[in-house]
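Analysis of the macromolecular model
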Amino acid sequence: MKKTLLWLTMNIMILEATPILLTPQQAKDWQVTTQIPEPSTTLPLGEFMAEVMTPPQNLHTLTLPFEAQVKKLYVASYDNVKKGQLLAEVTGKDWIEIQQRFIADAIEMEHHGHIAKRKNRLCREEIIPKKECIDANAEFQADKVKASASKALLRGYGATEQMINELSNKLKISQTIPIKSDVSGKLLELNLRIGKSTLPSDALFVIQKEGALW
């Protein structure tokens, strides 16, 4: 019972508490002094623990849209990398197949382009019906769309315009594809090893771009 009364009394005191305001004379009599803290540029000796976080917008991840095997690796963890720097060379079945598809589409487009050109000349001379020219031109346009789609897929796989032009002109398949950094920064994560196979969902490189940290 005594404990219950004591608890009720303390609660009443807390609820009825009011701030105490001192006059300058009372503060002087009671020897109460105040002082505003001054900023300091130094820390006392000792051990401190801190966590530094990179804002999400400063993290850049490099991945591949196909399964690949690492042939060469040119960087290590925490290296500083520059935009356009070569990081690794990889190969894969899908990479070879998309090049073959592009070459086949390019050859077919060129072939039907020659046919359409020849038939258009014959149509102008009224040697063959215009329907044949319409069909030949439609087939040529369809081949152009297929070749353009194959080229876009090559870009999506990481092929540069120079690689695409060489593939189109020389019709020579490249066994490997280079992975280059498209940003400058520090390499925080490296999930590659020589001979290791990667999946499309793997984050191969995580680069911390230049900027303020948290």
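Presented here is a report on the structure given in the accompanying data block. (Residues numbered from 1 in each chain as written. Predicted model: local features only at pLDDT ≥ 70, side-chain atom pairs only at ≥ 80, totals over all residues. Heavy atoms only, no water.)

**Focus on the overall build of the protein**
- A count of helical and extended segments in the protein gives five helices and eight strands.
- Starting at the N terminus, the α and β elements of the protein follow one another as α-α-β-β-β-β-α-α-α-β-β-β-β.
- Taking 17 Å as the expected radius of gyration for a compact globule of 214 residues, we find that the protein reaches 36 Å, considerably beyond that expectation.
- Based on the C-alpha atoms only, the size of the protein along its principal axes is roughly 120 × 45 × 40 Å.
- The buried share of the protein, taken over its 214 residues, is 26%.
- The contacts in the protein between residues at least 6 apart in sequence include a share of 74% that link residues at least 24 apart.
- Carbon and sulfur atoms form 57% of the exposed surface of the protein, whose accessible area is close to 16100 Å².
- Across the protein, the 27 positively charged side chains and the 25 negatively charged ones have centroids separated by 4 Å. (Helix = DSSP H or I, 4+ residues; strand = E, 2+ residues; numbered from the N terminus. Rg over C-alpha atoms; globule rule 2.2 N^0.38 Å. Buried < 20%, exposed > 50% of the residue type's maximum accessible area, 1.4 Å probe, protein only. Contact = heavy atoms within 4.5 Å. Areas by Shrake-Rupley, 256 points an atom, 1.4 Å probe, with all protein chains shown as cover. Lys, Arg positive; Asp, Glu negative; His and termini not counted. Charge placed at Lys NZ, Arg CZ, Asp CG, Glu CD.)

**Regarding the environment of Thr-176**
- Inspection of the secondary structure assignment puts Thr-176 in the loop between α5 (161–170) and β5 (177–180).
- The class for Thr-176 is partly exposed, based on a relative accessible area of 24%.
- If sequence neighbours within four positions are ignored, Thr-176 has contacts with Lys-71, Glu-89, Val-90, Thr-91 and Trp-95.

**Quick look at the sheet that holds strand β3 (residues 80–81)**
- Strand order in this open sheet of four strands is β1-β8-β6-β3, and the pairing throughout is antiparallel. Only two strands of the sheet have a single partner each, and these edge strands are β1 (59–62) and β3.
- Inspection of the sheet shows β3 paired to strand β6 (residues 185–190) by two bridges, in the antiparallel sense. Within β6, the residue paired with Asn-80 across the bridge is Lys-186. (Pairing = 2+ DSSP bridges.)

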